[in-house]
Amino acid sequence: MPRHLLKRSLILSGHPTSVALEPEFWAVLDIMAKEQALTIGRLVESIDGRRDPNRPLASALRIAALAATRAVPANWGQDKVEESSAESS
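Residues numbered from 1 in each chain as written. Predicted model: local features only at pLDDT ≥ 70, side-chain atom pairs only at ≥ 80, totals over all residues. Heavy atoms only, no water.

(A) Broad picture of the environment of Leu12. On the secondary structure map, Leu12 appears in strand 1 (residues 6–12). Distance in space between the C-alpha atoms of Leu12 and Asp48 is 8.3 Å, their sequence separation being 36 residues. Once residues lying within four places of it in the same chain are set aside, the contact partners of Leu12 are Thr17, Gly41, Val44, Glu45, Asp48 and Leu57. (Helix = DSSP H or I, 4+ residues; strand = E, 2+ residues; numbered from the N terminus. Contact = heavy atoms within 4.5 Å.)

Below you can see the structure in the form of structure tokens.
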């Protein structure tokens, strides 16, 4: 497993499993769980229950985290962009 992945152990549907994701994805999933008043295990279980069986769990979790970040304004995390003074000539 590459060093940039963080592995977490979870119980899904009564069975132990582990998932390795980048820390940034885990951070978003942790926020999602907190906002929904769920444990990270329950959040992952709900995502697991809705995913296409042909999609790996790690991929489904990354997509869920991406979808959550897309729900915020498009300029999230960016500095305000100033109008160019060249347009005012």
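(B) How the structure looks around the confidence of the model for the protein chain. Of the residues in the protein chain, 78% reach a pLDDT of 70 or more, and the chain-wide mean stands at 84. Here residues 76–89 is modelled with pLDDT under 50, and outside its nearest four sequence neighbours on either side it reaches zero contacts, counting other chains as well. (pLDDT = per-residue confidence, 0-100.)

(C) Representation of the nonpolar core within the structure. One finds Val19, Trp26, Leu29, Ile40, Val44 and Leu61 to be the most contacted residues of the largest nonpolar core, which totals 19 residues. Broken down by secondary-structure element, the contributors of at least two residues to this core are strand 1, strand 2 (15–21), helix 1 (23–35), helix 2 (40–50) and helix 3 (57–70). The element that contributes the greatest number of residues to this core is helix 3, accounting for six residues. Here Leu61 is in contact with Val19, Leu21, Leu29, Val44 and Ile47, once residues within four sequence places are set aside. (Core = buried A, V, L, I, M, F, W, Y, C linked by side-chain atoms within 4.5 Å. Buried < 20%, exposed > 50% of the residue type's maximum accessible area, 1.4 Å probe, protein only.)

(D) Inspection of the side chain of Asp48 at higher detail. Counting through the fold element by element, Asp48 comes out in helix 2. Ignoring any residue separated from it by four or fewer positions in sequence, one finds Asp48 in contact with Leu12 and Leu57.

(E) Expanded view of the pairing of strand 2. Pairing analysis gives seven bridges linking strand 1 to strand 2, with the strands arranged antiparallel. Each bridged residue has a counterpart across the sheet, and for Arg8 the counterpart in strand 2 is Val19. Taking the residues that link successive antiparallel strands as the turn, the strand 1-strand 2 hairpin has two residues, and the phi of Ser13 there is positive, at about 50°. (Pairing = 2+ DSSP bridges.)

(F) Local environment of helix 3. Here helix 3 spans 20 Å end to end across 14 residues, near enough to the 20 Å set by a 1.5 Å rise per residue. Turning to helix 3, its buried residues are Leu57, Ala58, Ala60, Leu61, Ala64 and Ala65. For helix 3, the angular spread of the buried residues around the axis is 165°, confining them to a single face. Turning to helix 3, the residues buried within the fold contact strand 1, strand 2, helix 1 and helix 2. (Expected span 1.5 Å × (residues − 1). Arc of directions from axis to C-beta.)

(G) Here's a closer look at the environment of Ile40. Along the chain, the position of Ile40 falls in helix 2. C-alpha of Ile40 to C-alpha of Leu10: the two residues are 30 residues apart in sequence and 8.5 Å apart in space. Setting aside anything within four residues of it in sequence, one finds Ile40 in contact with Arg8, Leu10, Trp26, Leu29, Asp30 and Ala33.

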